[in-house]
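This is what each chain is made of:
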Amino acid sequence: MSAVGQQEEQLSQSDLSPSSNSSSSFEIIDMDAASLYEPVSPHWFYCKIIDSKETWIPFNAEDSQRLEEAYGSDKDCNGRVVPTDGGRYDVHLGERMRYAVYWDELASEVRRCTWFYKGDKDNKYVPYSESFSQQLEETYMLAVTLDEWKKKLESPNREIIILHNPKLMVHYHLVARSDEWGSIPAEQGRPRTVKRGVENISVDIPCVNDFRGVSLNLLQTHFKKAQEQQQIGRVEFLPVNWHSPLHSTGVDVDLRRITLPSINRLRHFTNDTILDVFFYNSPTYCQTIVDTVASEMNRIYKLFLQRNPNFKGGVSIAGHSLGSLILFDLLTNQKDPLEENDSEKVIPRVVLDQGDTLDLEEDLKKLQLSEFCNLFKKEKIDKAALALCTERDLQEMGIPLGPRKKILNYFKNGENIQSVNKQNQQSALGGNLPVLSEKSKDCNSTGGAGNEEYLDISIGQASVKYPRLIYKPDIFFAFGSPIGMFLTVRGLKRIDPNYKLPTCKGFFNIYHPFDPVAYRIEPMVVPGVEFEPMLIPHHKGRKRMHLELREGLTRMSMDLKNNVLSSLRMAWKSFTRAPYPALQATEAAAADETEPEPEAVPEKPSDVQAGDSPVADKEEAASINVGMLNGGQRIDYVLQEKPIESFNEYLFALQSHLCYWESEDTVLLVLKEIYQTQGIFLDQPTQ
């Protein structure tokens, strides 16, 4: 260490001294040296605060080129906005600021970077300011042109930069030394490397390891043919933020007042995450959560269409943990416009049979609301149809708040209206709802309703009014989802096999086998049959090695067990066989040799069946009827655990709940299902 320190000190002293070899007169300059200078190629960066530290992150090459073209155009940069990151961020060139488009995020500084220095505690290069970079570039140009080096510059914070030669440029960080008389500022500290341009900087462009980044990589490996033929574009992932609006209501302040001071980090984690489950079960906060989620989904969708007017693709949604439950409740309470039209046609016919259409005027007179009779006649609303109306429906019809409350209270509490309402719902929707068996009978293996009696129930929260989405999602992906547990706790024992989400065709329940929050859905559709979930293939095309080894060992142990049992049976027969005369010993021996053969013949096929049992199980599981919740396809899909995770499932339980956003297997399944809706399939693996 001392030798290294001496070398650095000697280097520092020699660097600051003038060189006798450098030319200081213009008479001996080689004017051809001017041709050696080439302008530096800039690259655009933005600054993010990570762990209370400024971190400069480069734009990708395409965005940086677009920013540079806008910067170099003849137009004034003020007011110039350049979309970046696939349209998720806008860069305001005049302000040199980067703003998020679809969500709330602190704006970040943007910089056109040409000169860098290496940081103190890491090897990342930090860009100089644009103005000082311009000074460095002008000094460098003079040094190259005049072949005069040892150029010294002073940075805005009074630090020294010396250009020794094109390959050796250093930045001396000023340090303060203290003695018994006080602090003495030093002229130089440990030298830092100075870099011109972004060439050969290996750490300047990090790989973003998230859902979006993983999907882009998988497109190159698994959909390469479709990309080359320009059949598909990329899939954009836009987050929906509902957590911040919930915690901005002041509830966090109330929680802090009652939170105990011990185990501070754990309690903070509980208040910030786990309590969201209790908030969602609260009618007050549940309405806030549902309204926020729906409004954000609609806002993002409309904003995306405004920024991408030529977009013709589909929209799918994904929810993680509690987010998946929120989306499930939201989707189950959507209304298909076609079904609404059909119900409007069916319900009046049923109501006429009940003889209740003429009583609406009398009921309105009782409520002193006769002025709305003509409005209901104009909308063709009778007594039973009014019982189906929500407060939002009445509000859209222009009925004030007071009369709305009277009507809802009167018609919702009438026993006669409730019975008509239930009959109309069953007739109009054909029982297309999740159902609860009144007698708790076991269902048959086909998952049909049989002769059971069902009671229609709401699988959302009764006191919550669920907003409508302005689009129909193609597929709903649930990651690490507690949907099954919440439906069971709400009293739902089984789901009608004929039920499907009103406005969404597909539903995939994806989970890690060690995820403590995840629950299955398929046993609620087919409760009478035990079967495994679908195993999600590894993104490299096969099972993980340790799973194959485990199956191989299981198969081997079964084979060994069968062979041992067969040997024991043969030995037992030989001990229990009656004695034969000596004259018949030869015949008996021959019989003993031939007798086990008929028993050994079935043993071999049984071994083969044991070896092929996983394939047979897969085919049998895939052929099970799990209803229409996912359009007739399987619903539950399980990831393959990693080798290290299989050693201790408890140790990796919490980590497994967060693994989905970085899981190649999860992303590949999502991409495969999304592209299949457009007729695009995975590339066939090369042999």
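Counting starts from 1 at the beginning of each chain's written sequence and moves along it residue by residue. Local features in a predicted model are, by the rule used here, given only for residues with pLDDT of at least 70; side-chain atom pairs are given and counted only at 80 or more, and totals for whole chains, interfaces and linings are based on all residues. Neither water nor hydrogens contribute to the side-chain values; these are computed over all heavy atoms in the structure.

Bringing the overall build of the chain into the picture now. Think of it this way: any DSSP run of H or I at least four residues long counts as a helix, any run of E at least two long counts as a strand, and we number them from the N terminus. When helices and strands are tallied, the chain shows 24 helices and 21 strands. Across the 687 residues of the chain, 40% fall into the buried class. Accessible area of the chain: about 40900 Å², with a carbon and sulfur share of 54%. Each residue is assigned to one of three classes by its accessible area relative to the maximum for its type, calculated with a 1.4 Å probe on protein chains only: buried under 20%, partly exposed between the two thresholds, exposed over 50%. Here the accessible surface of atoms and residues is derived via Shrake-Rupley with a 1.4 Å probe, and residues count as covered only by protein chains that are part of the display.

With that out of the way, let us pick up the packing of aromatic side chains. Each aromatic ring pair is characterised by the separation of its centres together with the angle its planes make. A pair of Phe, Tyr and Trp rings is counted when the ring centres sit within 6.5 Å of each other, with Trp represented by its six-membered ring. The angle between the planes then sorts it: under 30 degrees is stacked, over 60 is edge-to-face, the rest tilted. Going through the model one piece at a time under the given rule, you end up with 23 aromatic pairs. Between Phe211 and Phe237 the ring centres are 5.0 Å apart and the planes differ by 90°, which places this aromatic pair in the edge-to-face class. Of this pair, Phe211 sits in helix H4 (residues 211–222) while Phe237 sits in the loop between helix H5 (224–228) and helix H6 (243–247), and the two are 26 residues apart along the sequence. The exposure class of Phe211 is buried, given its relative accessible area of 9%.

To continue, consider the sheet that holds strand S2 (residues 53–58). If you walk across this open sheet you meet the 6 strands as S2-S1-S6-S5-S4-S3, and the pairing is antiparallel. Here the strands that pair on one side only, and so sit at the sheet edges, are S2 and strand S3 (81–84). Recorded for the sheet is a direction-independent mean angle of 35° between the axes of neighbouring strands. Judged from the 4 bridges that link them, S3 and strand S4 (residues 89–92) form a sheet pairing that is antiparallel. Residue pairing in the sheet places Val82 in a bridge with Val91 of S4. The strands touched by helix H2 (residues 61–72) within the sheet are strand S1 (43–50), S3, S4 and strand S6 (108–113), with S3 carrying the most contacts at an inclination of about 170°. Strand pairing follows a simple DSSP-based rule, namely that at least 2 bridges must link the two strands. Note on definitions: angles span 0 to 180 degrees between N-to-C directions of axes, and those axes are lines fitted to C-alpha atoms, for helices only across the stretch in contact. Contacts between residues were defined by any pair of non-hydrogen atoms, one from each residue, lying within 4.5 Å.

Any helix carries an expected span of 1.5 Å times its number of residues minus one. Spanning 25 residues, helix H9 (residues 283–307) covers 36 Å between terminal C-alpha atoms, matching the ideal 36 Å at 1.5 Å per step. For H9, the set of buried residues is Cys286, Ile289, Val290, Thr292, Val293, Ala294, Glu296, Met297, Asn298, Ile300, Leu303 and Phe304. If you follow the buried residues of H9, they end up packed against H6, helix H8 (264–281), strand S15 (317–320) and helix H10 (322–332).

Moving on to the sheet that holds strand S10 (residues 160–165). The antiparallel open sheet is built from 6 strands, whose spatial order is S8-S7-S14-S11-S10-S9. Single-partner strands in this sheet number two, and they are strand S8 (125–127) and strand S9 (151–154). Geometrically, the sheet is characterised by an average inter-axis angle of 30° between neighbouring strands, direction not taken into account. Judged from the 5 bridges that link them, S10 and strand S11 (residues 168–172) form a sheet pairing that is antiparallel. Each residue of the ladder has a partner; that of Ile160, found in S11, is Tyr172.

Turning our attention to the environment of Ser316. Within the secondary structure, Ser316 sits in the loop between H9 and S15. The class for Ser316 is partly exposed, based on a relative accessible area of 29%. Separated by 157 residues in the primary sequence, Ser316 and Pro473 have C-alpha atoms spaced 4.9 Å apart. Dropping the residues within four chain positions of it, Ser316 is found in contact with Asp474, Ile475, Phe477 and Ile674. Counted as a polar contact is a pair of N or O atoms within 3.5 Å, where, for protein atoms, one must be capable of donating a hydrogen and the other of accepting one, and residues adjacent in sequence contribute only when both atoms are in side chains. Within the structure, Ser316 has its side chain in polar contact with the backbone nitrogen of Ile475 (distance 3.5 Å).

Quick look at unusual backbone geometry now. In this structure, Ser321 is a non-glycine residue whose phi angle is positive, near 60°. With respect to the helices and strands, the residue Ser321 is situated in the loop between S15 and H10. The phi dihedral of Gln368 is positive, around 60°, even though this residue is not glycine. With respect to the helices and strands, Gln368 occurs in the loop between helix H12 (360–366) and helix H13 (373–378). Given the relative accessible area of 65%, Gln368 is considered exposed.

Once that is clear, we can look at the confidence of the model for the chain. The predicted coordinates ought not to be read in detail in places where the model reports low pLDDT. Each residue carries a pLDDT score, the predictor's confidence in it, ranging from 0 to 100. Put simply, the chain has an average pLDDT of 74, and 68% of its residues get 70 or more. Throughout residues 343–357 the model reports pLDDT below 50, and contacts reaching past four residues in sequence, or to other chains, amount to 22 contacts. Predicted confidence is poor over residues 414–458, with pLDDT under 50, and the contacts of this stretch with residues over four places away or in other chains come to 81 contacts.

As a further point, take the side chain of His43. With respect to the helices, strands and loops of the structure, His43 is situated in strand S1. Assessed through its relative accessible area of 11%, His43 is described here as buried. Here His43 is in contact with Pro58, Phe59, Asn60, Ala61, Ser64, Arg111, Arg112, Cys113 and Val198, once residues within four sequence places are set aside.

Attention shifts here to the nonpolar core. Take the buried residues of types Ala, Val, Leu, Ile, Met, Phe, Trp, Tyr and Cys, join any two whose side-chain atoms come within 4.5 Å, and each joined set is a nonpolar core. In terms of nonpolar packing, the biggest core is built from 46 residues, with Tyr280, Phe476, Ile483, Leu501 and Phe507 touching the most fellow members. Secondary structure elements with two or more residues in this core: helix H7 (251–258), H8, H9, H10, strand S18 (475–479), helix H18 (483–489) and helix H19 (522–525). No other element matches H10, which puts 7 residues into this core. Contact partners of Leu501, with chain neighbours within four places excluded, come to Phe328, Leu331, Thr332, Phe476, Phe507 and Leu629. Residues Phe477, Val638, Tyr660 and Leu668 belong to the second largest nonpolar core, which totals 30 residues.

As a further point, take a nonpolar patch on the surface. Residues enter patches when they are more than 30% accessible in relative terms and free of salt bridges; like-charged ones are connected within 9 Å and nonpolar ones (Val, Leu, Ile, Met, Phe, Trp, Tyr) within 5 Å. Salt bridge criterion: a side-chain nitrogen from Lys or Arg within 4 Å of a carboxyl oxygen from Asp or Glu. On the surface, Ile263, Leu266, Phe269, Ile274 and Phe278 cluster together into a nonpolar patch covering about 520 Å² of accessible area. By the element assignment, Phe278 lies in helix H8. Residue Phe278 is classed as exposed on the basis of its relative accessible area of 54%.

Let us look at the pattern of salt bridges. Across all of its chains, the model carries 23 salt bridges by this definition. A salt bridge links Glu68 to Arg112; its shortest N-O distance comes to 2.9 Å. Remark: Arg112 occurs in strand S6 and Glu68 occurs in helix H2; sequence separation between them is 44 residues. Linking Lys377 and Glu361 is a salt bridge whose minimum nitrogen-to-oxygen distance equals 2.8 Å. One end of the pair, Lys377, is in helix H13; the other, Glu361, is in helix H12, with 16 residues separating them in the sequence. Note on Lys377: relative accessible area 53%, which makes it exposed. Taking relative accessible area as the criterion, Glu361 reaches 35% and is therefore assigned partly exposed. One network of salt bridges, in which partners are shared, links Arg88, Arg212, Arg234 and Glu236.

With that settled, consider the side chain of Ser215. Relative to the helices and strands, Ser215 resides in helix H4. For Ser215, a relative accessible area of 2% translates into the label buried. Excluding anything up to four places from it in sequence, Ser215 contacts Phe237, Val667 and Leu671.

The next point concerns the packing of H9 against H10. Put simply, H9 and H10 touch, their axes get as near as 11 Å, and they point 80° apart. Accordingly, the angle class assigned to the pair H9 and H10 is roughly perpendicular. From H9, Ile289, Val290, Val293, Ala294 and Met297 reach across to H10, where they touch Ile326, Leu327 and Leu330. As a working rule, the residues Ala, Val, Leu, Ile, Met, Phe, Trp, Tyr, Cys and Pro are called nonpolar, Asp, Glu, Lys and Arg charged, and the rest polar, with Gly in that last group. Taken together, the residues of the contact of H9 with H10 sort by class into 8 nonpolar, no polar and no charged. An angle below 35 degrees is treated as roughly parallel, one above 145 as roughly antiparallel, one from 65 to 115 as roughly perpendicular, and anything else as oblique.

Taken N-terminus to C-terminus, the directions of H8 and H9 make an angle of 100°; their axes are 5 Å apart at the nearest point. Here H8 is positioned roughly perpendicular relative to H9, judged by the angle of their axes. Mapping the contact onto sequence places Phe279, Tyr280 and Asn281 in H8 and Pro283, Tyr285, Cys286, Ile289 and Val290 in H9.

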